[in-house]
Structures are given as structure tokens and as C-alpha cells.
Amino acid sequence: MAAGANSDWIGAILRWLEGTEAAVYVAQSDWAFPIIETIHVIAIALVIGTISVVDLRILEWASAARPYRQIAAEVLPWTWATFCLAVLTGGLLFISQASEYFGNTAFRIKLILLMLAGINMMTFEFVIARDPAWDRDDRASLLGKIAAAISLTLWISVVFFGRRIGFTMAPG
Amino acid sequence: MAGFAEWLSATPLSIAIQKYEWLTPLLQTIHILAIAMVLSSAFMIGLRALGIMASQSIAAVAHRFVPWIWTGLALLACSGIVLIIGEPQRALVNPAFQIKMLLVLVAGALTYGFQFSLRTVGEQRKIGLMTMGFAAGFFLLWCAIAFAGRLIAYTQPA
């Protein structure tokens, strides 16, 4: 933990988070942390699994015979639902040791990768997937395929740096 | 088992695995990605069996996702075995690990049984209550396996 960060307003917010009732409960209960962590792992597993179904379809490595729009409409709502669950459980884990997590390099890299995944997804959804050629041939453009490959790479990296957090943090 | 774990931790292979500090998180990452394959496949089959996702027949959904369950299981076994060789005492003598292995055996048998039962289902659209219960139970079983796996880290002898 960088000593400087604790003295400014970010440090104040982090300490306030650690003092909330939910944070104290997660930090002190024997069972809360492992249970929330398991739900976090399951949620992330489902985010990655469902997004892979869509990405692999875009890359035409799987389900190539099914219309892209049908797969996206069926699967992506579950990606969003499980992503919300991952953020919620991740938030609870975070506030239990907010200053420690905030100062952890692996945690920071994970957050940056998540933001990049978000930007990639927005670009895909609002620019690349709007291409009328997509509906005509039901095939992604090269840009679409690059976005799918970036998505898979980013999510795999998110798991790696998520796991690194546990190896690089002082036990709470 | 404790003696075997102690012997294993002294083997050259185990010592080699212990030497690379980045290897364990890397293997755990592969392990989690394999869990993603299995859990998401079970989830997709479950959603179809419960009729929530119904654009394809259950046979088509199973054909799409059951191979991923087997691939995921193989990856889990490989990465899991290397992790155990690297840290035998962490897992082998741990009750959470032993329960996990028992649940994995049940899950493997159920996957095989499910695949077998689908041979008679064919392309029919109607799904029996048995299949529904099975698909929901199968997903929950994998959630329990994930929980037991995470518990290994919390039940280390002091």
C-alpha cells in the first residue's frame, strides 16, 4: 500500500468503505468471505463462458450455422446478469479490505483490463455490429473478429490477474 | 495419505513446481477457465432443459455443450494434478478436497448418464421432469464443487 494514498481523499473514502457495516461483517465473519468469493468465481465463470459462446460464434469457431443475432439475444442477457453478480460480490470482497486491494498492483491491472473489455464491448455493440453487411451475410467483418479475439484475451487476463491478487496481498 | 503427501512433496517434480512462483497462479487460471467451460456448459443445458432458452432442441444444445464439459473436465484434472504435485499437503489430506473429489466423481458419472439418456431423446421438443430436475441439479452440483474447491484454501492446517 502506497503510504501517500492513505492521506488524501481517496484514502478517506477507502477507510470509510472499510468501516461500513457490510465491510465489517465480511471481514469478521468466518464464512462470509469464502461464500462470497465462491459466488464471485461462479459468476465470473459464467460471464466468461457465455461471452465465449458469442465470441466463438463471431470468430466462426463454434455455432457457425446459427444466426449471430439469435445467439446474442439468447446468451448476452445472461452475461450481463452474471456480470452484475460478479460486480456485486467483488464489491463486497473489496470493501472488506479496501485500502489493501486499492494498493495492490494485480487488482489495479484487473480493473484496467475490465475497463478495456468494457470499451471493446461498447465499440463492438455500437459501431461494428451496426454494419448492415452483418445482417446480409450473417458474418462478422474483420474488425468484428478482432473485437471478439480481444474480448477473449482480455477476459482470460482478467482471471489471471484476479488470481494474482490472492498471491500478492498480505492476509487480512 | 499423509505419508504419501509428504513423500510426494519431496519428489524432484514437486520441488521443480514449487520453484516457479508464477506457475501456481498460472495453473489456477487454467483451472478457473476450465471451470468456466464446465459451469457455463451445464448452465446452457440447464436453461434449455427448463425451457428458458428454447430456440434449439435439447439434443442440439447437448451436442453443442457436452463435449466442452469433457474438455473442461480433462483440463481440470491435468491442471489439478500438477497443482497437487506442487503442494500435496495443501490438498490430499484436506477434507474439503476429499469431498470435492467425491462430488467430481458423481458429476462425471452424471455427465455420462446424461449423454447416454439423450440417445433415446433424439430431436423431440418435450422435456420430461426428470431431465429438468437433472439439468438443474447438475449445475448446482458444479457450484458445490467450486465451493469445495475454494474451501481448500480456507481449511489449511495451521
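Details of the structure are given in the entry above.
About the criteria used
- Residues numbered from 1 in each chain as written.
- Chains lettered and ligands numbered in written order.
- Predicted model: local features only at pLDDT ≥ 70, side-chain atom pairs only at ≥ 80, totals over all residues.
- Heavy atoms only, no water.
- Helix = DSSP H or I, 4+ residues; strand = E, 2+ residues; numbered from the N terminus.
- Buried < 20%, exposed > 50% of the residue type's maximum accessible area, 1.4 Å probe, protein only.
- Contact = heavy atoms within 4.5 Å.
- Areas by Shrake-Rupley, 256 points an atom, 1.4 Å probe, with all protein chains shown as cover.
- Lys, Arg positive; Asp, Glu negative; His and termini not counted.
- Charge placed at Lys NZ, Arg CZ, Asp CG, Glu CD.
- Buried area = accessible area lost by both parts, 1.4 Å probe.
- Salt bridge = Lys/Arg side-chain N within 4 Å of Asp/Glu carboxyl O.
- Polar contact = N/O pair within 3.5 Å; in protein donor to acceptor, adjacent residues only side chain to side chain.
- Arc of directions from axis to C-beta.
- Axes fitted to C-alpha atoms, helices over the stretch in contact; angles between N-to-C directions.
- Parallel < 35°, antiparallel > 145°, perpendicular 65-115°, else oblique.
- Left-handed = near helix turned anticlockwise from the far one by under 90°.
- Phe/Tyr/Trp six-rings, centres within 6.5 Å; stacked < 30°, edge-to-face > 60°.
- Lys NZ or Arg CZ within 6 Å of the ring centre and 35° of its normal.

1. Some points on the overall build of chain B
Then step 1. Check the secondary structure of chain B and you find 7 helices and 0 strands.
Then step 2. Seen in sequence order, chain B has helices and strands lined up from the N terminus as α-α-α-α-α-α-α.
Then step 3. Structurally, chain B occupies a C-alpha span of about 55 × 25 × 25 Å along its principal axes.
Then step 4. Classification of the 158 residues of chain B by burial places 47% in the buried group.
Then step 5. Across chain B, every contact between residues at least 6 apart in sequence was considered, and the portion connecting residues at least 24 apart equals 82%.
Then step 6. Here chain B displays about 8,100 Å² of accessible surface, and carbon together with sulfur accounts for 74% of that area.
Then step 7. For chain B, the centre of its 9 positive side-chain charges and the centre of its 4 negative side-chain charges are spaced 16 Å apart.

2. Let's talk about the interface of chain A and chain B
Then step 1. With 28 residues of chain A at the interface, the matching set in chain B holds 30 residues.
Then step 2. It is L46, W78 and R163 of chain A in chain A that bury the most area against chain B; as a group they hold 20% of the surface buried on that side.
Then step 3. Taken together, the links from chain A to chain B amount to 2 salt bridges.
Then step 4. At the junction of chain A and chain B, the tally comes to 8 residue pairs in polar contact (both at pLDDT 80 or more).
Then step 5. Within the residue set of the side of chain A that touches chain B, elements represented by two or more residues are helix 3 (32–58), helix 4 (68–96) and helix 8 (142–168) of chain A.
Then step 6. The element best represented in the side of chain A that touches chain B is helix 3 of chain A, accounting for 14 residues.

3. Details of helix 1 (residues 2–9) of chain B
Residue and element names in this part refer to chain B.
Then step 1. Of the residues making up helix 1, those classed as buried are A5, L8 and S9. Here the buried residues of helix 1 occupy an arc of 95° about the axis, which is enough to place them on one side. Those residues of helix 1 that are exposed and aimed more than 90 degrees away from the buried face are E6 and W7.
Then step 2. Residues of helix 1 that are buried in the fold lie against helix 2 (12–19), helix 4 (58–86) and helix 5 (88–91).

4. Points about the packing of helix 3 (residues 23–49) of chain B against helix 4 of chain B
All names here are of chain B.
Then step 1. The geometry of helix 3 relative to helix 4 is characterised by a closest axis approach of 8 Å and an angle of 160° between their N-to-C directions. If you check the angle between helix 3 and helix 4, you find them roughly antiparallel. Handedness of the crossing formed by helix 3 with helix 4: left-handed.

5. Considering the packing of aromatic side chains
One pair of aromatic rings is described through two measures. These are the centre distance and the angle between the planes.
Then step 1. Scanning all chains against the criterion turns up 13 aromatic pairs over all chains.
Then step 2. Judged by centre distance (5.8 Å) and plane angle (15°), the rings of F134 of chain B and F138 of chain B are stacked. On the criterion of helical spacing, the pair formed by F134 of chain B and F138 of chain B is a turn pair, its members being 4 residues apart in helix 7 (residues 129–152).
Then step 3. The exposure class assigned to F138 of chain B is buried, which follows from its relative accessible area of 6%.
Then step 4. One aromatic cluster in this structure is built from W78 of chain A together with F43 and F139 of chain B.
Then step 5. If you follow R108 of chain A out to its NZ or CZ, it ends over the ring of F102 of chain A, 4.8 Å from the centre.
Then step 6. Over the ring of F65 of chain B we find R64 of chain B; its NZ or CZ atom is 4.7 Å from the centre of that ring.

6. A few points about the packing of helix 3 of chain A against helix 3 of chain B
Then step 1. For the pair helix 3 of chain A and helix 3 of chain B, interaxial distance at closest approach is 8 Å and the crossing angle is 75°. What the angle tells us is that helix 3 of chain A and helix 3 of chain B run roughly perpendicular. In this structure, helix 3 of chain A contributes I42, A45, L46, I48, G49 and T50 of chain A to the contact, and helix 3 of chain B contributes L33, I35, A36, L39, S40, F43 and M44 of chain B.

7. Overview of the environment of A146 of chain B
Then step 1. Here A146 of chain B lies in helix 7.
Then step 2. Taking the C-alpha atoms as reference points, A146 of chain B and G80 of chain B, separated by 66 residues in sequence, lie 13 Å from one another.
Then step 3. Dropping the residues within four chain positions of it, A146 of chain B is found in contact with T38 and I42 of chain A.

8. Some details on the pattern of salt bridges
Where charged atoms from two side chains of opposite charge approach closely, those side chains can pair.
All names here are of chain A.
Then step 1. If you walk through the whole model with that rule in mind, you get 6 salt bridges over all chains.
Then step 2. Here K145 and E60 are joined by a salt bridge, their closest N and O atoms 3.4 Å apart. With a gap of 85 residues between them, K145 in helix 8 and E60 in the loop between helix 3 and helix 4 connect regions that are remote in the sequence.
Then step 3. On the accessibility criterion, K145 (21% relative accessible area) is partly exposed.
Then step 4. One salt bridge in this structure joins E74 and R66, with 3.5 Å as the shortest N-O distance. Exposure class is identical for E74 and R66. Each is buried.

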